[in-house]
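Take a look at the letters that make up each chain.
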Amino acid sequence: MASGSTKQAPKIVSKTSAGGAGAAGGGGGPPIMPLASPLMGKKKKPFLGMPAPLGYVPGLGRGATGFTTRSDIGPARDANDPVDDRHAPPGKRTVGDQMKKNQDDDDEDLNDTNYDEFNGYAGSLFSSGPYEKDDEEADAIYAALDKRMDERRKERRELREKEEIEKYRMERPKIQQQFSDLKRKLAEVSEEEWLSIPEVGDARNKRQRNPRYEKLTPVPDSFFSKHLQTGENHTSVDPLQGLGGLNTPYPGSMTPGLMTPGTGELDMRKIGQARNTLMDMRLSQVSDSVSGQTVVDPKGYLTDLNSMIPTHGGDISDIKKARLLLKSVRETNPHHPPAWIASARLEEVTGKLQVARNLIMKGTEMCAKSEDVWLEAARLQPGDTAKAVVAQAVRHLPQSVRIYIRAAELETDVRAKKRVLRKALENVSKSVRLWKTAVELEEPEDARIMLSRAVECCPTSVELWLALARLETYENARRVLNKARENIPTDRHIWITAAKLEEANGNTQMVDKIIDRAITSLRANGVEINREQWIQDAEECDKAGSVATCQAVIRAVIGIGIEEEDRKHTWMEDADSCVAHGALECARAIYAHALQVFPSKKSVWLRAAYFEKSHGTRESLEALLQRAVAHCPKAEVLWLMGAKSKWLAEDVPAARSILALAFQANPNSEEIWLAAVKLESENNEYERARRLLAKARSSAPTARVFMKSVKLEWVLGNIEAAQELCTEALKHYEDFPKLWMMRGQIEEQCENMDKAREAYNQGLKKCPHSVALWLLLSHLEERVGQLTRARAILEKARLKNPQCPELWLESVRLEFRAGLKNISNTLMAKALQECPNSGILWAEAVFLEARPQRKTKSVDALKKCEHDPHVLLAVAKLFWSERKITKAREWFLRTVKIEPDLGDAWALFYKFELQHGTEEQQEEVRKRCENAEPRHGELWCAESKHVLNWQKKTGEILMGVASKIKNTF
């Protein structure tokens, strides 16, 4: 191109110069200017310095064509020349191979086999051309058209693919689907049939089932002897080889010392002797035990030898070091008893019992005044030898109590024991331990005589005085205790024993006096009264049956060391502690004292009443409540507890009289009005209940009173009266959601779905935060088949009430009931993100998973909600489904202990016991449920609040709920 431009340039210049010459010559003008002068004065072109347009080739418009030189493309190369890459793969190592490859890539495959009627050729016909902006724009347009067309046909295509997959699955089902009907039938298999299924046999052949183990046969000694000889290095020539086969050996050709033991011969005689010595030593170790009895089985002594392996875990070198150190200690300080004891025990541990005995006996010689050494010697020696050692010890240490006790223990005959102990008491008469050991061996009468002597020798031993008092008669016991108080004026146990003695003999009026005198006397003698210790003594008295003493101790010490403002709180804690320890009389005494100090405290009366209800009798509860309402007439709950106690005892007139007194004390109390209505309605006095409710509506109109009025008419079947009352109530209390719920449920019962929907919608306008109203409306829409509307209602409810797990749970269940399991799983994930600590959501999430993943999900649930009853109940159901009966029962018990008010837990527990428990276990669950009186739970409330079950007791509701539970988990 450069050369082309250069060729045309002179022509242009010549034309310009020619024209200029003519003009000049014709006009006689000024001289001719050079060509560059006018160009330099012109403006710079705007396109200079800008990038060239797309597809621009310089000089192409005026016919200029470019050319390529060798310097542009490199030197010419032959087809067989190697390429620059020394590590090129085969087929690409020469220039010709590379050119052929590039040519193949550039060529299009225009064969008929590569042509399609709709798509054309598989490759692009113009792939070798430049890809410009208009190509890109066209591709984008075509892609948008393809996407639009694909969306138009998407539903039909997906439906067709789904039908094809279903058809394929029907023709070629999976193995899992082939057995699905059999799996469903497994639900009908009973536990006995399941357990009677035989185990799968071993399908391996006999050689695989019974492999031949490698047999190790001991090598005989002759084998070692032979190879030891053949392995020697001979330094002489074989006579038969060296002399051409002469029969006579060459003199000196065989080394005379070859077969001597010094040159490598195996001496079998010495090996046998060593083996016998080792066996004798081990047998003597086994037979010579501490007790002196042999434990060798003559037929299986080799087995016993294995048990004689030393049990120490130390290394042999460590044992040697310890032995050396202890030897050094003994030699340095031979009168140090622990050195001898440690040395003997080291030898004992390593199995050298005789060495240990010798060492410890030497220690008794060096440390004759150490009772520890003598006791260790007695322990290591066998029976009779040990007695001789103890006798020798007594001669050296006649005042040692421990040696006398050891001597008595070594005796097997009771008479011999008594003789040893009496001899000991002659030498050491002041030892309480010796007296106690000797008394334990005697009969009661002899023991009383010995104790009389013992308290003379040991007058400061409380245990001996109390033991003597127990064995004496009432009068003598009083004298003994008086003497004990004189000798030991600082011990409280003597005073408490005296009080128990008086109580046991019916002299209860003396008990309080003795305890009061005890406090005074102990303080006079400088003894600090420790309140906790005295309460522990009172608990022991309670467990021993000394109720009066227990109560007297509590009354005497309960107020000691407590600030006035802390008394109530501290006493309530003490009472709870006593109940936890099983000391009920102590707790009763604490409550009685607290009620004397705080007679007008409603909380103390309530605590005492609940205590009597749980641990007392009906009579004690009623007596306490009579006193309670006398002191706290405004406490409605106390009146109601008294009336309920009478009603449970089927004493309806007494319950009515209590409520009448309660009306006088609390004339406009809603609770008492409703309790009176319940009492009458439960006893089928419906007219009296109606009159009471009418009077309550006029004198104490509240939303609950109106609600109970509507409920009474509803359950009695007076629908019109119930609707009228409901309308009247809503005029006064339109923000009370339960009235709207009842109105909607009554309309649902009458099959008026539109009116029920209207009632729920009106209620939600007034009470948008009532979760139960949202759920009732959603159930109504689902019942009439409006699934989309039910879903929308729940979404709206979640917007109005964020972070509400009940609404999320209902949304998940709605999708699951509709068969949309994937959507339900997605909703559950969102719910757990919004309410991560909701137990009901985690419990539902466990059973949304497939069976293999349920266990993992339950672990996650327990991490998030460790003590939530719904999660614990889900884990119990999980174990139940896996037939882990014991674990399931443990988790059910844990659930009802944490939350006894959850009726669903009791119902599932009862259903579980009906299937897997005994009659006693079923009855126990039923009784515990009746005592707990649960009020909450999804299944429980659905049963208990049904209009047909309004008069059912707790036990009947429990059986009803359990009968409706199906094992679908």
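Note that the structure is a prediction, hence the values are computed from the model and not measured. (Residues numbered from 1 in each chain as written. Predicted model: local features only at pLDDT ≥ 70, side-chain atom pairs only at ≥ 80, totals over all residues. Heavy atoms only, no water.)

## Some thoughts on the overall build of the chain
Basically, it comes down to this: A run of DSSP states H or I qualifies as a helix once it reaches four residues; a run of E qualifies as a strand once it reaches two. Both are numbered from the N-terminal end. Remark: exposure states derive from per-residue accessible area (1.4 Å probe, protein chains only) relative to the maximum for the residue type, with buried under 20%, exposed over 50%, and partly exposed in between. Method for areas: the Shrake-Rupley scheme with a 1.4 Å probe, in which residue coverage is limited to the protein chains shown.
When helices and strands are counted, the chain shows 53 helices and 2 strands. Counting every position in the chain, which comprises 969 residues, the buried fraction comes to 33%. Accessible area of the chain: about 62,400 Å², with a carbon and sulfur share of 53%.

## Focus on a negative patch on the surface
What counts here: A patch consists of residues whose relative accessible area exceeds 30% and which take part in no salt bridge; residues with like charges are grouped when within 9 Å of each other, and nonpolar side chains (Val, Leu, Ile, Met, Phe, Trp, Tyr) when within 5 Å. We define a salt bridge as a contact between a side-chain nitrogen of Lys or Arg and a carboxyl oxygen of Asp or Glu at a distance within 4 Å. Counted as positive: Lys and Arg. Counted as negative: Asp and Glu. His and the chain ends are not counted at all. For this purpose, a charge sits on NZ of Lys, CZ of Arg, CG of Asp or CD of Glu.
Together, Glu132, Asp134, Glu136, Glu137 and Asp139 line one region of the surface with negative charge. By the secondary structure assignment, Asp139 is in helix H5 (residues 133-152). Residue class for Asp139 comes out partly exposed when judged on its relative accessible area of 39%.

## Topic: a positive patch on the surface
On the surface, Lys678, Lys708, Lys738, Arg935 and Lys945 cluster together to form a positively charged patch. For Lys738, the position within the fold is in helix H40 (residues 737-749). With relative accessibility at 42%, the residue Lys738 sits in the partly exposed group.

## Considering the UniProt feature "repeat: TPR" (unreviewed entry) in the chain
What counts, and what does not: UniProt positions are given in the numbering used here, feature names are shortened, and annotations may be inferred rather than shown by experiment.
What UniProt calls "repeat: TPR" (unreviewed entry) maps, in this numbering, to residues 737-770. As annotated, residues 737-770 has a helix share of 79% and a strand share of 0%, and its two end C-alpha atoms lie 7 Å apart.

## A look at helix H44 (residues 805-817)
We apply this condition: Multiplying one less than the number of residues by 1.5 Å gives the expected span of a helix. Residues are treated as being in contact if the distance between any of their heavy atoms lies within 4.5 Å.
In a regular helix each residue adds 1.5 Å, so 13 residues correspond to 18 Å; H44 covers 18 Å between its end C-alpha atoms and thus fits that length. Summarising burial for H44: 10 of the 13 residues are buried, a large majority. Those residues of H44 not exposed but buried are Pro805, Leu807, Trp808, Leu809, Glu810, Ser811, Val812, Arg813, Leu814 and Glu815. On its buried face, H44 is in contact with helix H42 (771-783), helix H43 (787-800), helix H45 (821-834), helix H46 (839-848) and helix H52 (938-944). Gly819 sits one or two positions beyond H44 and adopts a positive phi of about 85 degrees.

## Structural notes on H42
For H42, which comprises 13 residues, the first-to-last C-alpha distance of 18 Å matches the rise-based estimate of 18 Å (1.5 Å per residue) to within 8%. When H42 is considered as a whole, its buried residues turn out to be Leu773, Trp774, Leu775, Leu776, Leu777, Ser778, Leu780 and Glu781. Contact partners of the buried residues in H42: H40, helix H41 (753-766), H43 and H44.

## Thoughts on the pattern of salt bridges
The full count for this structure, using the stated rule, is 42 salt bridges. Here Glu376 and Arg379 are joined by a salt bridge, their closest N and O atoms 2.6 Å apart. Of this pair, Glu376 and Arg379 both sit in helix H18 (residues 371-380), 3 residues apart, roughly one helical turn. Using a relative accessible area of 33% as the deciding quantity, one classes Arg379 as partly exposed. Salt bridges linked by common partners bring Arg345, Glu348, Glu376 and Arg379 together as one network.

## Quick notes on the packing of helix H35 (residues 652-665) against helix H36 (residues 670-682)
Our working definition: Throughout, an axis means a line fitted to C-alpha atoms (over the contacting stretch in the case of helices), and angles, computed between N-to-C directions, take values from 0 to 180 degrees. Roughly parallel here means an angle under 35 degrees, roughly antiparallel means over 145, roughly perpendicular means 65 to 115, and every remaining angle is called oblique. Note on convention: near helix rotated counterclockwise from far helix by under a right angle means a left-handed crossing. Clockwise means right-handed. Ten residues, namely Ala, Val, Leu, Ile, Met, Phe, Trp, Tyr, Cys and Pro, are considered nonpolar, four, namely Asp, Glu, Lys and Arg, are considered charged, and the remaining ones, Gly among them, are considered polar.
Between H35 and H36, whose axes approach to 10 Å, the crossing angle comes to 160 degrees. When the interaxial angle is binned, H35 and H36 end up roughly antiparallel. Along this stretch, H35 crosses H36, giving a crossing that reads as left-handed. The residues of H36 that touch H35, namely those facing Val652, Ala655, Arg656, Leu659, Ala662 and Phe663, are Ile672, Trp673, Ala675, Ala676, Leu679 and Glu680. For the contact of H35 with H36, the per-class residue count stands at 10 nonpolar, no polar and 2 charged.

## Thoughts on unusual backbone geometry
Even without being glycine, Arg883 reaches a positive phi, approximately 60 degrees. Checked against the element boundaries, Arg883 lands in the loop between helix H48 (869-881) and helix H49 (885-898). A relative accessible area of 40% means that Arg883 is categorised as partly exposed. Phi at Glu933 takes a positive value of approximately 50 degrees, unusual for a residue other than glycine. For Glu933, a relative accessible area of 25% puts it in the partly exposed group.

## Focus: the packing of helix H47 (residues 851-864) against H48
Two elements in contact, H47 and H48, have axes separated by 10 Å at closest approach and are oriented at 155 degrees. Looking at the two axes, H47 sits roughly antiparallel to H48. When you trace H47 past H48, the crossing you get is left-handed. Residue-level inspection shows Arg851, Arg854, Lys855, Ser858, Ala861 and Leu862 of H47 in contact with H48, the latter providing Val871, Leu872, Val875, Leu878 and Ser881. Looking at the contact of H47 with H48, its residues break down into 6 nonpolar, 2 polar and 3 charged.

## Side note on the packing of aromatic side chains
Think of a pair of aromatic rings as described by two things: how far the centres are apart, and how the planes are tilted against each other in angle. Applicable threshold: Each Phe, Tyr or Trp ring, with Trp reduced to its six-membered ring, pairs with another whose centre is within 6.5 Å; inter-plane angles below 30 degrees give stacked pairs, above 60 give edge-to-face pairs, and intermediate values give tilted ones. Whether a charge sits over a ring depends on NZ of Lys or CZ of Arg being within 6 Å of the ring centre and within 35 degrees of the ring normal.
Tallied over the full model, the rule gives 9 aromatic pairs. Ring centres of Tyr686 and Trp950 lie 6.0 Å apart, and the angle between their planes is 45 degrees; on these two criteria the pair is classed as tilted. Taken together, the positions of Tyr686 in helix H37 (residues 686-699) and Trp950 in the loop between H52 and helix H53 (954-964) put the pair 264 residues apart, joining distant regions of the chain. Tyr686 gets classed as partly exposed once you look at its relative accessible area, which sits at 23%. Here Trp950 falls in the partly exposed class, since its relative accessible area comes to 22%. Taken together, the ring pairs in this structure connect Trp880, Phe892, Phe909 and Phe912 into an aromatic cluster. Residue placement shows Arg330 over the ring face of Trp340; its charged tip is 5.5 Å from the ring centre.

## Comments concerning a nonpolar patch on the surface
Together, Leu186, Trp194, Leu195 and Ile197 make up a nonpolar patch on the protein surface, roughly 430 Å² of accessible area in all. Following the sequence through the fold, Trp194 ends up in helix H9 (residues 191-195). Since its relative accessible area comes to 44%, Trp194 is described here as partly exposed.

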